[in-house]
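Listed here are the chains, written in short residue letters.
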Amino acid sequence: MFGMVRRLRRDERGQALVLGAVCMLVVAVAVMSSVSIGQGVYEKIKLQDAADAQAYSLAVKEARAYNFLAYTNRAMIVHYNAMLTVMSYVSHAVYLDRTIGAAAKFLKVLPGIGPVFAAVSAMIKAWVKAVEEVAPALVKVLTELNIALWIAQEAMLSATLYDLYSDAARDKSIHVTDPRAEVEYSMDRDVGFRDVPLPALYSDLGTINHSNAKNLLHVLDDGPRSSSPTMGPDPTGMLKRGRLLDRNRNRLSDPDMAKYRLLMGSMANAVRREWTATGQGPVLIGRKWDLRLCLIVGELRIKKTADSQIKSFSERFEGNRNDQLFASDDIKMEVRPGCGLGFLDWSTVFELHFRVAADARNGFHQEYGNQKVSAHHEWKGITPFVTSDTSFVNPWRNHFGYPCNMVVLSKDMGAERGDGGPGRKKEVFQLDNLTRGSFLRTKGSGKYNTALAEQEGDTTNQEQGIQESLLDMTWRYVGGKTDPFAKDFRQYSGGMMAMSVGRAIYHRPGEWKEEPNFFNPVWTARLAPVQTHWDEKNLGWLVPSYRDAKWLFNGLTY
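Peer 1: Quick rundown of the packing of helix α2 (residues 15-107) against helix α7 (residues 255-270)? Include the residues and the values.
Peer 2: Closest axis-to-axis distance for the α2/α7 pair is 9 Å, and the angle between their directions is 65°. Comparing their axes, α7 and α2 come out roughly perpendicular. Between α2 and α7 lies a crossing whose hand is right-handed. Touching N73, M76, I77, Y80 and L84 of α2 are M264, M267, A268 and N269, all from α7. Each residue belonging to the contact of α2 with α7 can be placed in one class, and the counts come to seven nonpolar, two polar and no charged.

Peer 1: Which residues make up the state of the cysteines, and what are the values?
Peer 2: On inspection of all chains with the given rule, the structure shows one disulfide. Through a disulfide, C294 is tied to C339; the S-S separation comes to 1.8 Å. Residues C294 and C339 share a disulfide whose torsion about the S-S bond is about 120°; that sign makes it right-handed. Within this pair, whereas C294 is found in strand β2 (residues 289-294), its partner C339 is found in the loop between β4 (323-337) and β5 (347-358), the two being separated by 45 residues in sequence. A relative accessible area of 54% means that C294 is categorised as exposed.

Peer 1: How would you summarise the environment of K46 if you had to cite specific residues and measurements?
Peer 2: By the element assignment, K46 lies in helix α2. For K46, a relative accessible area of 22% corresponds to the partly exposed category. C-alpha separation for the pair K46 and A181, spaced 135 residues apart in sequence, amounts to 8.6 Å. When residues no more than four places from it in sequence are discounted, the contact partners of K46 are T177, D178, P179 and K411.

Peer 1: Explain the sheet that holds strand β8 (residues 404-412) to me, and be specific about the residues and the numbers.
Peer 2: Ordered by their spatial adjacency, four strands build an open sheet running β1-β8-β9-β10, and the pairing between neighbours is antiparallel. The two strands at the open ends of the sheet, each matched to only one other strand, are β1 (182-183) and β10 (523-528). Here β1 runs beside β8; their pairing, made up of two bridges, is antiparallel. Bridge pairing in β8 places V183 opposite L409. Contacts from α2 reach β8, β9 (495-506) and β10, with the element oriented near 25° to β9. Packing against the sheet, helix α11 (residues 484-493) makes contact with β8 and β9, and its axis sits at approximately 65° to β9.

Peer 1: Before we move on, could you go through the environment of A118 and cite the residues and values that matter?
Peer 2: Note that A118 resides in helix α3 (residues 114-165). For A118, a relative accessible area of 30% translates into the label partly exposed.

Peer 1: Run through the nonpolar core, naming residues and quoting values.
Peer 2: Residues Y80, M87, I310, L325 and W379 are the most contacted members of the largest nonpolar core, which totals 39 residues. Secondary structure elements with two or more residues in this core: α2, α3, α7, β3 (298-312), β4 and β5. At 12 residues, α2 tops the list of elements feeding residues into this core. Sequence-distant contacts of M87, defined by excluding residues within four places in its chain, comprise V139, L325, A327, V356, A357, A358 and H377. Core analysis: the second largest hydrophobic core is formed by 31 residues, I174, V183, V386 and A498 among them.

Peer 1: Account for the pattern of salt bridges, naming residues and giving values.
Peer 2: Within this structure, the stated rule accounts for 16 salt bridges. Taking the shortest distance from any N to any O, the salt bridge between R336 and E299 comes out at 3.2 Å. One end of the pair, R336, is in strand β4; the other, E299, is in strand β3, and 37 residues separate them in sequence. Exposure remark for R336: the relative accessible area of 10% places this residue in the buried category. With a relative accessible area of 10%, E299 lands in the buried category. Residue K304 pairs with D329 through a salt bridge whose shortest N-O separation is 2.7 Å. Separated by 25 residues along the polypeptide, K304 in strand β3 and D329 in strand β4 bring together distant segments of the chain. The pair K304 / D329 is uniform in exposure class, with both members buried. Salt bridges here are not isolated pairs; linked through shared partners, they connect E43, D178 and K411.

Parameters and conventions
Residues numbered from 1 in each chain as written. Predicted model: local features only at pLDDT ≥ 70, side-chain atom pairs only at ≥ 80, totals over all residues. Heavy atoms only, no water. Axes fitted to C-alpha atoms, helices over the stretch in contact; angles between N-to-C directions. Helix = DSSP H or I, 4+ residues; strand = E, 2+ residues; numbered from the N terminus. Parallel < 35°, antiparallel > 145°, perpendicular 65-115°, else oblique. Left-handed = near helix turned anticlockwise from the far one by under 90°. Contact = heavy atoms within 4.5 Å. Nonpolar A, V, L, I, M, F, W, Y, C, P; charged D, E, K, R; others polar. Disulfide = S-S within 2.5 Å. Buried < 20%, exposed > 50% of the residue type's maximum accessible area, 1.4 Å probe, protein only. Pairing = 2+ DSSP bridges. Core = buried A, V, L, I, M, F, W, Y, C linked by side-chain atoms within 4.5 Å. Salt bridge = Lys/Arg side-chain N within 4 Å of Asp/Glu carboxyl O.

Structural data, given as structure tokens:
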């Protein structure tokens, strides 16, 4: 008997089983930890991808809207240039009719060359009739087309605003990338905001969410500012711009109206062709020429000048004409004694003015002196348009008004919001067999539980969420179990958050110093670092959970 006991004591067989059991436990814990970490990383990547996709999607919509504004603004300017050109044709036709046409009327009776002048007279009459018929119709068509372009601008602006501020298109981009992703609670608190119809953006301010699009309207000239607590009943400034179409409210004394009228008029005047702006051409039939003749008694100079431009008048000018499409062809005859004597002054002996204009009072032909002849040239004036002002407040800090869209998403990882129980959404990853049905549950001595927990009959470490004899691979104690801020963080975030910022930027490759505007369609979308637009203080105000997470994971106590 004693010999058997001594043999068993000296026998080394079976020790590998004990070591293997211990090692297998360590390996199992390591594998489960790796799987848990890997699954967490995978879920975080998916969540971040969803945030990036949404932020970039919003930035693309903004860049697309801004490029549309640029294209339509350029088209409107082209139409103004075309209207100025056609009015120049009218002015030039009147000049030809009253000069060469009048002379040909008498010269056509001369033998031999009479038929030539008769043909010239007939051609000029036909040309005058053609331009006077075409000009009013073309000006009207182009004016109505500009109004249609402005309406299209406002529709694009409103539709983009709706997409940015509503849930209608948001969930598609997010949930296609990560079906479990949710908009973080503090960024989406307005219950009545969901599925808002477009009219609600103008009628019910309570349905507008300012969280995910901070400054789409920030750069709009005279539009609402992103710093405003509410966008008001006219968020895009459409009604204010629309006053340009109301003759009684379109006042140059109104700073907003003056800004629109003078800016668009200046833009249109700046891109006129040379023939439209100042004229050019051969002597007698051209719009601009200078003829000098040296006579026996002195020198004669006949100077032909031309002009075409958009003029903007105040409400007091001739019964509130407002804006005019103006064109002129003028002749001045001057003489001075001697030939080549440059020190002697010219004296005007004859002037003749051929002018036409289109305005809100049916325009006019002004052919001789101050005599005005109505010629049904009706024009409503400068059409509303959308432009930008990148410098109204701290442009360097605000990146010239670039719209920045901050997207904050969360995911339920079984931290507070979901525990896998009946009626609850299943958390993303949780080892149920080790957290609920463990065979070692409550079998420990309590050595590693706190005294407070033992007194309360609870086997859970109140500070760290550690339960003896139980391997918890869940996210239920992220940030600490009893910390109230950690509990709020878990409730809002579900244990995991992702943040992304999309930005529409004004970009053209190469050395290019032009400030952002709505006349060059070079807006594009980019993802941007979060803190390039908002400093940490503002981030904490915009996203309370971001502030809580920073405090919690830096180990701060309250």
